[in-house]
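Chains, contacts and geometry: an overview
Spelled out, the chains give:
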Amino acid sequence: MNMYAKKVLSIVCAIACCTSVLGGCGKKESADNKNVTLRLWIKPSQDATEADLITHERLMEDLTEKFPEINFDIALPPQGADYRQEYDKALMAGTAPAFVNIFSYTDIPQRIKNETVADITKYVENWELKKEGKILDIFDDAISDDGKWYALPHKAYVQATLCNVKTLEAAGITKENYPTTWEEFAELGEKITDMSIPRIGYSLIGMDWCAWPFTAWVWSAGGEMVRENEDGTYQLAFNEEPAVDAAMFMNEMIWKRKMTQKDVLLDYNDIKTNVFNGSSCFAFLGFSELKQEELEQYGLNVSDYIDMPMPVKDASIPRPALAGGEVITFNPTLSQEEMDAAFAVAEYMYFSDERMQVECDERVEFNASINVMIPGRVDWFEKRLASNQGVTQEQIAALNQLRENAKAEPYCEHWSDLKTALVAPLQTIYLTENITREEAKKLLDECAEKLYSLYPDTFKK
């Protein structure tokens, strides 16, 4: 039996013999001797890897040593498809954990209203790490309300323009000529495209997720998708001139420049494959989606890609990148004593220098998959990047630029409904050769009017 197998066997035994008290097998300390019990949804699943099991055991050793007064009740996360519904059912049943990191920041405004997240203002307003500027703040507007705080940032992805450098070079373009404006991007896309190879300049996302990248393109035109009113409602802006510019530029890339894939409604996974295998140069993808083991089948490496902000309509517009991600929320039914303990544990697990260093060390030890997510401890971002195997200094610099340019995806109520409503008009604009600007604006105006009618409490002119 090899070393890892022995280690895994010991961990499995530990998990089996230590049910609700995981202070280490052999400690057998009763929960009655603890001041407080915290349930956490962090138990490894049955298909967990050796690395997962080992890192979990280490975490539990750290927690029980750091917090001897706390009894940890470790459970599996819910296995249902809808994690939001599963969490809410557990909350009603009294079996929800002390805190979770499963919710998008976009969920928080509604959860504040329905009181399924705890008010953690007393902890955040006196939090030294936040005062020192070490905490990711890109989601602050969504996770706070009227001076009160309801979540902590866990991690953020940033997405804009992923480039296959090998494809760029195959077309005779040097890395010094990365495009920064729409005109440069379109000219380069035309030059790269050669259907006889086949090779295209840009894989355009026109399938049902099309409003997601469209948001970043609207920003790159100097516009907005929504604009908050003074009363907390939102004015729709995706039908304003900058957004029309963005929609028409998508149409231009497809029909005039002929620099995109022929099937504009191509599945997202196929778009990823085309950028990974080199048949497409650019796409709205994230660097974190790169997997070395997948790239090797095409003779490529993670080092053959670069992630950069969006090209912009003109140089006067800051080049944006779109950010999204998860936050940490706390169980609103906790007692004050439990809440104090929960915040202390969450702070240690996700924000302490000690645990951040452990994460970096274990990434190197287990040769883990690339992780370029921005952590809640934003000052550790570059150290985390450096702990990834195969990531170059050039890529780290590019990812840092993305972080600096990042803008959070809108988080208003019915944002998902807005994106769904935009699919049909955007696809019509993309798929219609010779569509006029007036026709495109009319489609966007009609979509806006429909949303104003359907959701008057959220969207208001």
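Below, the structure is looked at part by part. (Residues numbered from 1 in each chain as written. Predicted model: local features only at pLDDT ≥ 70, side-chain atom pairs only at ≥ 80, totals over all residues. Heavy atoms only, no water.)

Turning to empty space enclosed by the protein, a few remarks are in order. Considering all chains together, one arrives at four cavities of 30 Å³ or more under this definition. Lining the largest cavity are 13 residues, with Y157, V158, V372, M373 and L399 positioned closest to its centre. Residue assignment for the lining of the largest cavity shows that the elements contributing at least two residues are β6 (152–159) and α17 (393–405). Top contributing element to the lining of the largest cavity by residue count: β6, with three residues. (1 Å grid on protein atoms, 1.4 Å probe; cavity = no way out; pocket = protein on both sides within 12 Å on 5 of 7 lines; lining within 4 Å. Points joined across faces, edges and corners; volume = space filled by probe spheres on them. Helix = DSSP H or I, 4+ residues; strand = E, 2+ residues; numbered from the N terminus.)

On to the pairing of strand β2 (residues 70–74). Burial within β2 is extensive, with five of its five residues counted as buried. Of the two faces of β2, the one lined by I70, F72 and I74 and the one lined by N71 and D73 are each fully buried. Where strand β1 (residues 36–40) and β2 come together, five bridges link them in parallel fashion. Residue pairing in the sheet places T37 in a bridge with N71 of β2. Of the crossover connections in this fold, the one passing from β1 over helix α2 (residues 50–66) to the parallel β2 is right-handed. (Buried < 20%, exposed > 50% of the residue type's maximum accessible area, 1.4 Å probe, protein only. Pairing = 2+ DSSP bridges. Right-handed = clockwise from strand over helix to strand, strands pointing away.)

Position of S280 among the secondary structure elements: in strand β11 (residues 280–283). A polar side-chain atom of S280 sits 2.8 Å from a polar atom in the side chain of S203. S280 has contacts with N164, T167, I200, Y202, S203, N274 and V275, leaving out every residue within four places of it along the chain. (Polar contact = N/O pair within 3.5 Å; in protein donor to acceptor, adjacent residues only side chain to side chain. Contact = heavy atoms within 4.5 Å.)

Once that is clear, we can look at the nonpolar core. Of all hydrophobic cores here, the largest spans 150 residues; its most connected members are F99 and F330. Every residue in contact with F330, bar those within four places of it in the chain, is listed here: A98, F99, T116, V117, A118, I120, L152, M339, A342, F343 and A346. (Core = buried A, V, L, I, M, F, W, Y, C linked by side-chain atoms within 4.5 Å.)

With that out of the way, let us pick up the environment of V345. Within the element layout of this structure, V345 appears in helix α14 (residues 336–351). Between the C-alpha atoms of V345 and I396, which are 51 residues apart in sequence, the distance is 31 Å. Not counting the four nearest positions on each side in its chain, V345 is found in contact with L38, L63, F67, I70, F72 and F99.

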